[in-house]
Amino acid sequence: MRRRLTLLLAMLVVLSLVVALPAAAKKPAPNLSGPMNIVFDPPDGVCGPDISWYGTVELDGVPYGMTFESKPPSVFAGMTQHYWEEFTIYDGEFDEFPTQCPSGSIVLQGDLSGIGRFANGKITEHGIVTEANDPFEDWDGRRMHADGLVAVDTNGDPTGFKGTIRFN
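Keep in mind that this is a model prediction, so the values were computed, not measured.

J.: Which residues make up the side chain of T88, and what values go with them?
T.: When you line up the elements, T88 lands in strand β4 (residues 80-90). Residue classification places T88 among the buried residues on the basis of a relative accessible area of 4%. Among the polar contacts listed, one links the side chain of T88 to the side chain of Q109, at a separation of 2.9 Å. If near-sequence neighbours (up to four positions away) are discounted, T88 is found in contact with G65, M66, T67, I106, L108 and Q109.

J.: I'd like to hear about the packing of aromatic side chains, residue by residue, with values.
T.: According to the stated counting rule, one finds 4 aromatic pairs in the structure shown. With centroids separated by 5.5 Å and ring planes inclined at 65 degrees, the aromatic side chains of Y64 and F136 adopt a geometry described as edge-to-face. Of this pair, Y64 sits in strand β3 (residues 62-77) while F136 sits in the loop between β6 (122-132) and β7 (143-152); the two residues are 72 residues apart in sequence, bridging distant segments of the chain. Each member of the pair, Y64 as well as F136, carries the same accessibility label: buried. Arranged with centres 6.1 Å apart and planes meeting at 50 degrees, the rings of F87 and F167 form a pair that is tilted. Remark: F167 occurs in strand β8 (residues 158-167) and F87 occurs in strand β4; sequence separation between them is 80 residues.

J.: Just give me the short version of the pairing of strand β2 (residues 51-59), but keep the residues and values in it.
T.: With 8 of 9 residues buried, β2 is to be regarded as a mostly interior element. Connecting β2 to the next strand, β3, in antiparallel fashion are 2 residues, including D60 with a positive phi near 55 degrees.

Reading the values: rules and limits
- Each chain has its residues counted from 1, running along the sequence as written.
- The predicted origin of the model limits local features to residues at a pLDDT of at least 70 and limits the giving and counting of side-chain atom pairs to 80 or more, whereas totals for whole chains, interfaces and linings rest on all residues.
- Heavy atoms throughout the structure, all of them, feed into the side-chain values; hydrogens and water do not.
- Only DSSP runs of H or I covering at least 4 residues are called helices, and only runs of E covering at least 2 are called strands; the numbering of each starts at the N terminus.
- Throughout, exposure labels follow a simple rule: accessible area from a 1.4 Å probe, protein chains only, divided by the maximum for the residue type, with under 20% read as buried, over 50% as exposed, and the rest as partly exposed.
- N or O atoms closer than or at 3.5 Å make up a polar contact, with two conditions inside protein: a donor-capable atom paired with an acceptor-capable one, and, for residues adjacent in sequence, both atoms drawn from side chains.
- Contact definition: two residues touch when any of their heavy atoms are within 4.5 Å.
- A pair of aromatic rings is counted whenever rings of Phe, Tyr or Trp (Trp by its six-membered ring) have centres within 6.5 Å, and the orientation is called stacked for planes under 30 degrees apart, edge-to-face for over 60 and tilted otherwise.
- For two strands to pair, DSSP has to find at least two bridges joining them.

Printed below as a string of structure tokens:
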């Protein structure tokens, strides 16, 4: 009986170590966030028909380039638009008005769904990181949240987006 109890206790100790080791694995900070300054790119614009928005995002004080590729269908319900996009964050900063579509090494990429409200110009987006590379390789599978305001011209057409992005 004593031998069985010792064996059971030993197994419990080993099991508790096995459960505790993944918890001790390296995890990124609880949040990664920063401001976004994004420009609207019409279908005949610099980036062609696939990229609808491009610009700069700052993460941990470092500027990165960012693009958004629209994924149909976009659904309109009154003064609200529901949409789906793929976001890509590149190593290196983009010029505000480049003559060619920005590119570079992908550091973060993912899918998102968003809601645009025409009445007040607010956008809210939620997504998930599907690809993460240096220096953000620990962020793969993490959630993305963004919100901000869309700027429009005198015709009501979008010109840009300023907001905040957060990964957690």
